There are 2 protein chains.
Amino acid sequence: MQDRKAITSVPINDLAARRWSPRAFDAQRGLTPAQVAALVEAARWAPSCFGAEPWRFLVWNRADDAAGWQRAFDCLSENNRKWCKNVPLLFMTCAASTFENNGQANRWAQYDTGMAALSLSLEAVAQGLVAHQMGGFDIAKSRTAFAVPDDFMPMAMIAVGYQAAPETIADEETRQKELKARGRKPVAERFYSGSWGRPAS
Amino acid sequence: MQDRKAITSVPINDLAARRWSPRAFDAQRGLTPAQVAALVEAARWAPSCFGAEPWRFLVWNRADDAAGWQRAFDCLSENNRKWCKNVPLLFMTCAASTFENNGQANRWAQYDTGMAALSLSLEAVAQGLVAHQMGGFDIAKSRTAFAVPDDFMPMAMIAVGYQAAPETIADEETRQKELKARGRKPVAERFYSGSWGRPAS
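Residues numbered from 1 in each chain as written. Chains lettered and ligands numbered in written order. Predicted model: local features only at pLDDT ≥ 70, side-chain atom pairs only at ≥ 80, totals over all residues.

Novice: Sorry, what's going on with the sheet that holds strand S2 (residues 89–96) of chain B here?
Specialist: Think of a sheet as strands paired side by side through backbone hydrogen bonds, with each pair either parallel or antiparallel. The sheet built from five strands is open, its strands ordered S5(A)-S1(B)-S2(B)-S4(B)-S3(B) with mixed pairing. Each of the sheet's edge strands pairs with one partner strand only, and the pair in question is strand S5 (191–193) of chain A together with strand S3 (130–134) of chain B. Going from strand to strand, the sheet's axes swing by 25 degrees on average, the running direction of each strand aside. Two elements, S5 of chain A and strand S1 (residues 55–61) of chain B, share three bridges in a ladder whose sense is parallel. Bridge assignment links Ser193 of chain A to a residue of S1 of chain B, and that residue is Val59 of chain B. Running at roughly 60 degrees to S2 of chain B, helix H3 (residues 66–73) of chain B makes contact with S1 and S2 of chain B of the sheet. (Pairing = 2+ DSSP bridges. Helix = DSSP H or I, 4+ residues; strand = E, 2+ residues; numbered from the N terminus. Axes fitted to C-alpha atoms, helices over the stretch in contact; angles between N-to-C directions. Contact = placed C-beta atoms within 7 Å.)

Shown next, in the form of structure tokens:
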């Protein structure tokens, strides 16, 4: 199995270093209820502005609800469907438009929902699983299929399961992506010290 | 020191379970350059849609740049200034409006920026530090003070440092917040199985 740790100037925690977004999933191994519960709990305990917990997560477990899983799968883009056919668990994350308690716009809702989604993804690593988030899905279709209210925005779908060998990916282009070296932009392009554009070392 | 682990139905990874957002910081202990670098690297390696890394982080280290730190501190809301006066390191997170490569709107930028911020916060836990994100700051003031371009949105400020005892917080109301039991909404209110509103167990 590929273990492609992040290349960092100093060591970082193992969950962050080992997390990546593979496309090769083991079709034979589902998740236990305790594993699903742990993913949910990790997302649940993410921080949020004013403690609003503005996220909603939908989950489809293929083992329990093959028809529901298929409806979620059918919302994915063609590219994502190429590799998601072996995924045992799919999530969709949604962000509220407003605060529940006062109806005011919540400008942090998508930000906070991302935090919950990353917490879930890192818990996947802790469980020996992998998680792969996807922006490529049909928002309108998912709204209709799963009755997402107008005041929530579908943000991402997440594939979770056990990793498989890259060779199990049939589609050539997708398999090449799986083998491509990981990378990030230089620190100086994203992290500034003291003022905008001044590179953090 | 308070160690207030998340109360979960099943165990979750230690970083997520131990992360919370304290207000009592040790004014005497700064961070080493390696610690700051690790926080940055953890944020840097967060996932993002199309690998855009749409976040920008500004960092002010009081030990290196007291004047810059003060300008960042002065952007905070009055409530946050009450407890941030002992914080050695402040960050501001900003999200791009568009994709760099094609100028198209990036609807995932705030979501992805939240992921990078959470990754930084969990790395703080791994380093024996605490991180506390804040929505309460003056956006317009921070734009001017730090030359944030119009096509980026300041999202949050983050206080990072060593935790201190709750008793060190002078303000009574703030100290009470520090001691309040942690909690989250029931799973069923945020996590749905198969379709909107159907509680996940």
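Additional details are given in the paragraphs that follow.
Novice: Is there a simple way to explain the nonpolar core in this structure?
Specialist: Proteins that are soluble and globular tend to have nonpolar side chains buried together. Within the largest apolar cluster, 130 residues are counted, with the highest numbers of intra-cluster contacts made by Leu90 and Ile158 of chain B. Among all residues touching Ile158 of chain B, those that are not within four sequence positions of it are Leu90, Phe91, Thr93, Ala117, Leu120, Ala131, His132 and Gln133 of chain B. (Core = buried A, V, L, I, M, F, W, Y, C linked by C-beta atoms within 7 Å. Buried ≥ 20, exposed ≤ 12 C-beta atoms within 10 Å, placed from the backbone.)

Novice: Can you walk me through the packing of helix H5 (residues 109–126) of chain A against helix H5 (residues 109–126) of chain B in this structure?
Specialist: Here H5 of chain A crosses H5 of chain B at 55 degrees, and the two axes come no closer than 7 Å. By the criterion of interaxial angle, the relationship of H5 of chain A to H5 of chain B is oblique. Two packed elements cross with a definite hand, and for H5 of chain A against H5 of chain B that hand is right-handed. Here Gln110, Tyr111, Asp112, Thr113, Gly114, Met115, Ala117, Leu118, Ser119 and Leu122 of chain A of H5 of chain A lie close against H5 of chain B, whose contacting residues are Gln110, Tyr111, Asp112, Thr113, Gly114, Met115, Ala117, Leu118, Ser119 and Leu122 of chain B. Of the residues belonging to the contact of H5 of chain A with H5 of chain B, the class tally is 10 nonpolar, eight polar and two charged. (Parallel < 35°, antiparallel > 145°, perpendicular 65-115°, else oblique. Left-handed = near helix turned anticlockwise from the far one by under 90°. Nonpolar A, V, L, I, M, F, W, Y, C, P; charged D, E, K, R; others polar.)

Novice: Please clarify how the sheet that holds strand S1 (residues 55–61) of chain A should be interpreted in this entry.
Specialist: Judged by pairing direction, the sheet is mixed, and its five strands sit side by side in the order S3(A)-S4(A)-S2(A)-S1(A)-S5(B) without closing on themselves. Each having just a single partner strand, strand S3 (130–134) of chain A together with strand S5 (191–193) of chain B make up the two edges of the open sheet. Within the sheet, the average angular offset between the axes of one strand and its neighbour, ignoring direction, is 25 degrees. Judged from the seven bridges that link them, S1 of chain A and strand S2 (residues 89–96) of chain A form a sheet pairing that is antiparallel. The partner of Leu58 of chain A across the bridge, within S2 of chain A, is Met92 of chain A. The sheet contacts of helix H3 (residues 66–75) of chain A involve S1 and S2 of chain A, and relative to S2 of chain A the element is tilted by about 60 degrees.

Novice: Could you clarify how one ought to interpret the environment of Cys49 of chain B in this entry?
Specialist: On the secondary structure map, Cys49 of chain B appears in the loop between helix H2 (33–44) and S1. Residue Cys49 of chain B is classed as buried on the basis of its C-beta count, with 20 C-beta atoms lying within 10 Å. Sequence separation of Cys49 of chain B and Phe99 of chain B is 50 residues, and the distance between their C-alpha atoms is 9.8 Å. Those residues in contact with Cys49 of chain B that sit more than four places away from it in its chain are Gly135 of chain A together with Trp108 and Asp112 of chain B.

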